[in-house]
Structures are given as C-alpha cells and as structure tokens.
Amino acid sequence: EIFNRIERDSNREYLLRVSYLEIYNENIMDLLSPQNDNLQVRESAKRGIYVEGLREEIVVSPEQVLRIMKRGEHARHTSATEMNERSSRSHTIL
C-alpha cells in the first residue's frame, strides 16, 4: 500500500527506510546486524522514541522489504516445540 501511494504522489520525493528488531528475554537485537544486541530504547525531543544503534536500510519496492525480512528471519531466536518445529521465542518489529 505505501509503495502505491508513493507512486501516485509524483509531486513529492520520498525516502523509505526499514529496520527489523527482535525483543527476546528483555533484550533488543538488530536482526539486520545481529552483532548489535542489547540495544537501548531512547527518547529525544528531535527524534522522538527510537532504538539507539538500530540499522536502517533504504527500500524502494515491496520485494526489497520482503528480502530484508527474510534475511532478518535467519537471525531470530527459535526452537522446536511439540506443535511447531520452528517456534519463535521472541517478538519482532519491522
């Protein structure tokens, strides 16, 4: 939907960025840069609420967003359960 809206609005220039994080055991990890773990939520008058050190990637298509999500899924914490062989043990935010 957002890409359709951007395409229809030729009078403006847009820059769309995505981040992908995981919250696991009260720890925030950057799924696009998994070495960035134990990130902190911050608040500032200029930026509002944000996660310090979280990687952002510029995207121009829905397919690119899906590729980023797929890449991030590989870094998630998962394990097998009786009902699901790849059950998530965390929450994610894109």
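Just above sits the structure.
Residues numbered from 1 in each chain as written. Predicted model: local features only at pLDDT ≥ 70, side-chain atom pairs only at ≥ 80, totals over all residues. Heavy atoms only, no water.

A few words now on the pattern of salt bridges. Scanning the entire structure with this criterion turns up five salt bridges. Arginine 42 is the salt-bridge partner of glutamate 52, the closest N and O atoms lying 3.1 Å from each other. Of this pair, glutamate 52 sits in strand β5 (residues 48–52) while arginine 42 sits in strand β4 (residues 40–44), and the two are ten residues apart along the sequence. In this structure, glutamate 73 and arginine 76 form a salt bridge, with 3.7 Å as the shortest nitrogen-oxygen distance. On the basis of relative accessible area, glutamate 73 is assigned to the partly exposed category, the value being 25%. (Salt bridge = Lys/Arg side-chain N within 4 Å of Asp/Glu carboxyl O. Helix = DSSP H or I, 4+ residues; strand = E, 2+ residues; numbered from the N terminus. Buried < 20%, exposed > 50% of the residue type's maximum accessible area, 1.4 Å probe, protein only.)

With that settled, consider the environment of glutamate 43. Tracing the sequence through the fold places glutamate 43 in strand β4. Leaving out residues up to four positions away in the same chain, glutamate 43 has contacts with Gly48, Ile49 and Tyr50. (Contact = heavy atoms within 4.5 Å.)

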